[in-house]
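In case you want the letters, here they are:
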Amino acid sequence: MRGMKSRSRKNKKASKRRSGGPSIQGPEQAEAMRAAGRLASEILDRVGEMVAPGVSTGAIDRLVDEITSARGARSAPYGYRGSGTTPFPGHCCTSINDVVCHGIPDDDRLLEDGDVVNVDVTPVLDGFHGDTSRTFVVGEASPIARRLVADTYECMRLGIQAVRPGGRVGDIGHAIQTFAEAQGYSVVREFTGHGIGEEFHTAPTILHYGAPNTGEVLRPGMTFTVEPMINLGHWKTEILDDGWTAVTVDGTLSAQFEHTVLVTEDGVEVFTLGKHEQPF
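This structure is a prediction, so every number in the text was calculated from the model and none was measured.

Q: What is the right way to read the overall build of the protein from this model?
A: Looking only at helices and strands, the protein has 4 helices and 19 strands in total. Taken over the C-alpha trace, the protein has a radius of gyration of 17 Å; the compact-globule value for 280 residues is 19 Å, and the two agree within 12%. Overall, the C-alpha framework of the protein stretches about 45 × 45 × 40 Å when taken along its three principal axes. Here the protein holds 280 residues, and 56% of them are scored as buried. Look at the contacts in the protein between residues 6 or more apart in sequence, and 72% of them connect residues 24 or more apart. Summed over all atoms, the accessible surface of the protein reaches about 11,300 Å², with 50% contributed by carbon and sulfur.

Q: In this structure, what is going on with the packing of helix α1 (residues 27-50) against helix α2 (residues 57-70)? I would like to understand it.
A: The relative placement of two packed helices is expressed as an angle between their axes plus a distance between the axes. Orientation of α1 relative to α2, taken along the N-to-C sense of each, is 145 degrees, at an axis distance of 10 Å. Every pair of crossing elements has a handedness; the one defined by α1 and α2 is right-handed. Counting all contacts with α1, which are made through I43, R46, V47 and M50, the residues of α2 involved are A59, I60, L63, V64, I67 and T68. Taken together, the residues of the contact of α1 with α2 sort by class into 8 nonpolar, 1 polar and 1 charged.

Q: Could you clarify how one ought to interpret the packing of aromatic side chains in this entry?
A: What characterises a pair of aromatic rings is the spacing of the ring centres plus the angle enclosed by the ring planes. With the rule as written, the count across this model stands at 5 aromatic pairs. With centroids separated by 5.3 Å and ring planes inclined at 85 degrees, the aromatic side chains of F88 and W244 adopt a geometry described as edge-to-face. One end of the pair, F88, is in the loop between β3 (74-75) and β4 (93-96); the other, W244, is in the loop between β15 (237-240) and β16 (246-248), with 156 residues separating them in the sequence. W244 matches F88 in its accessibility class, with the two residues each being buried. Here the aromatic cluster, defined as three or more aromatic residues joined through ring pairs, consists of Y80, F88, F200 and W244. We note R189 situated over the ring of Y209; from NZ or CZ to the ring centre the distance is 4.6 Å. Note that R189 overlies the ring of W235, its terminal NZ or CZ placed 5.0 Å from the centroid.

Q: I would appreciate a short explanation of the environment of G274 in the present structure.
A: You can see G274 is positioned in the segment after β19 (268-270). G274 sits in the buried class, given a relative accessible area of 8%. Sequence spacing of G274 and R134 is 140 residues, and the spatial spacing of their C-alpha atoms is 9.7 Å. Discounting chain neighbours no more than four positions away, the residues touching G274 are S41, D45 and R134.

Q: Can you help me understand α1 in this one?
A: An α-helical turn contains 3.6 residues, so any two residues separated by three or four positions project in the same direction. When the terminal C-alpha atoms of α1 are compared, their 35 Å separation across 24 residues agrees well with the 34 Å that a helix rising 1.5 Å per residue should span. Residues A30, M33, A36, G37, L39, A40, S41, I43, L44, D45 and V47 constitute the buried set of α1.

Q: What should I look at first to understand the side chain of S41 in this one?
A: Here S41 lies in helix α1. S41 sits in the buried class, given a relative accessible area of 4%. In contact with S41, other than residues within four places in its own chain, are T132, R134, T272, L273 and G274.

Q: Sorry if this is basic, but what is going on with the sheet that holds strand β10 (residues 186-187) here?
A: Either a parallel or an antiparallel arrangement is found when strands of a sheet pair, and the pairing is made through backbone hydrogen bonds. Taken together, the 3 strands give an open sheet; going across it, the order is β10-β14-β17, and neighbouring strands pair in antiparallel fashion. Every other strand in the sheet has two partners, leaving β10 and β17 (254-256) as the edge strands with one partner each. Here strand β14 (residues 229-231) runs beside β17; their pairing, made up of 3 bridges, is antiparallel. Bridge pairing links N231 to S254 in β17. Across the face of the sheet, helix α3 (residues 143-161) comes into contact with β14 and β17 while running at roughly 40 degrees to β17.

Q: Looking at this model, I keep getting lost on the side chain of T225. Mind explaining?
A: Its location among the elements puts T225 in strand β13 (residues 223-226). Polar contacts involving the side chain of T225 include one to the side chain of E227, which spans 2.7 Å. If sequence neighbours within four positions are ignored, T225 has contacts with D131, G193, H194, I196, I206, E258, H259 and T260.

Q: Sorry if this is basic, but what is going on with the nonpolar core here?
A: In summary, soluble globular proteins display a tendency toward joint burial of nonpolar side chains. I172, L218, F224, V226 and I230 are the most contacted members of the largest nonpolar core, which has 27 residues in total. Elements supplying a minimum of two residues to this core: α3, α4 (169-182), β13 and β18 (259-263). At 6 residues, the largest contribution of residues to this core is made by α3. Once you skip the residues sitting within four places of it in the chain, V226 turns out to touch M156, I160, I172, I176, H208, F257, E258 and H259. Counting residues in hydrophobic clusters, the runner-up holds 23 residues, among them L39, V55, V119 and F136.

Q: Is there a simple way to think about α4 in this case?
A: Here α4 contains 14 residues, and its C-alpha end-to-end distance of 21 Å stays within 8% of the 20 Å for a straight helix at 1.5 Å per residue. The complete set of buried residues in α4 reads V169, G170, D171, I172, G173, A175, I176, Q177 and A180. The inward-facing, buried residues of α4 contact α3, β10, β12 (202-206), β13 and β14. Taken from the residues just after α4, G184 is the one with a positive phi, measuring 95 degrees.

Reading guide: rules and limits
- Residues numbered from 1 in each chain as written.
- Predicted model: local features only at pLDDT ≥ 70, side-chain atom pairs only at ≥ 80, totals over all residues.
- Heavy atoms only, no water.
- Helix = DSSP H or I, 4+ residues; strand = E, 2+ residues; numbered from the N terminus.
- Rg over C-alpha atoms; globule rule 2.2 N^0.38 Å.
- Buried < 20%, exposed > 50% of the residue type's maximum accessible area, 1.4 Å probe, protein only.
- Contact = heavy atoms within 4.5 Å.
- Areas by Shrake-Rupley, 256 points an atom, 1.4 Å probe, with all protein chains shown as cover.
- Axes fitted to C-alpha atoms, helices over the stretch in contact; angles between N-to-C directions.
- Left-handed = near helix turned anticlockwise from the far one by under 90°.
- Nonpolar A, V, L, I, M, F, W, Y, C, P; charged D, E, K, R; others polar.
- Phe/Tyr/Trp six-rings, centres within 6.5 Å; stacked < 30°, edge-to-face > 60°.
- Lys NZ or Arg CZ within 6 Å of the ring centre and 35° of its normal.
- Expected span 1.5 Å × (residues − 1).
- Pairing = 2+ DSSP bridges.
- Polar contact = N/O pair within 3.5 Å; in protein donor to acceptor, adjacent residues only side chain to side chain.
- Core = buried A, V, L, I, M, F, W, Y, C linked by side-chain atoms within 4.5 Å.

Structure follows, in structure tokens:
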């Protein structure tokens, strides 16, 4: 794909670490997560104003670091170690076109007209994580790319709307998979949503595919991410030699959106809504 470095690929999968049981938040913890979520969404609002042809992903990373530090927070991705990987070198992930997730910011990678780029940020504010990502369209992208981005957002929205106390994790994945495959897309299997709170990655694992009425029961106070990755082609991914960058096996476009949510007594609350988003 254009603008990308030579790709020597490793035939292995990557996964995010999980530790402990589900993240259950009391009122004070939930309020702290709201604050972290607001900061995360504000960062992406600013990134959205910056995204344009000619801007480097390295410059995006510096903006994320500047805003995060100015608010007395730190970037969870910076220096993060996944299973068997080197520390992540960026303050955010910048994943362009066929990069599914965990793309590494680079001053030499300039955004080009027609690109789609996912920017994933996770500030840690007062000990709590706010995790969110958006896919931005750069300049005048193709109708196919624009439709993929819009439909991926709809996948996330439908998944979040399936969250309710007494429901199950499988309800989320089923809602996402049903819509995505009806549009002719595939749902990435190797990467999932996750519990989150004072730890970056905890239980439960949120699959973005599956059957309804399966998986862990959702309880009030649970906090986790819903972050479907949707591909134009095959759902399988490969990891590049940097140990982080995941790409589609067939070079087709991928898009992703992510929100951090709370299971409430009667539904769901989204902690990371952007300034132009409507409540779910």
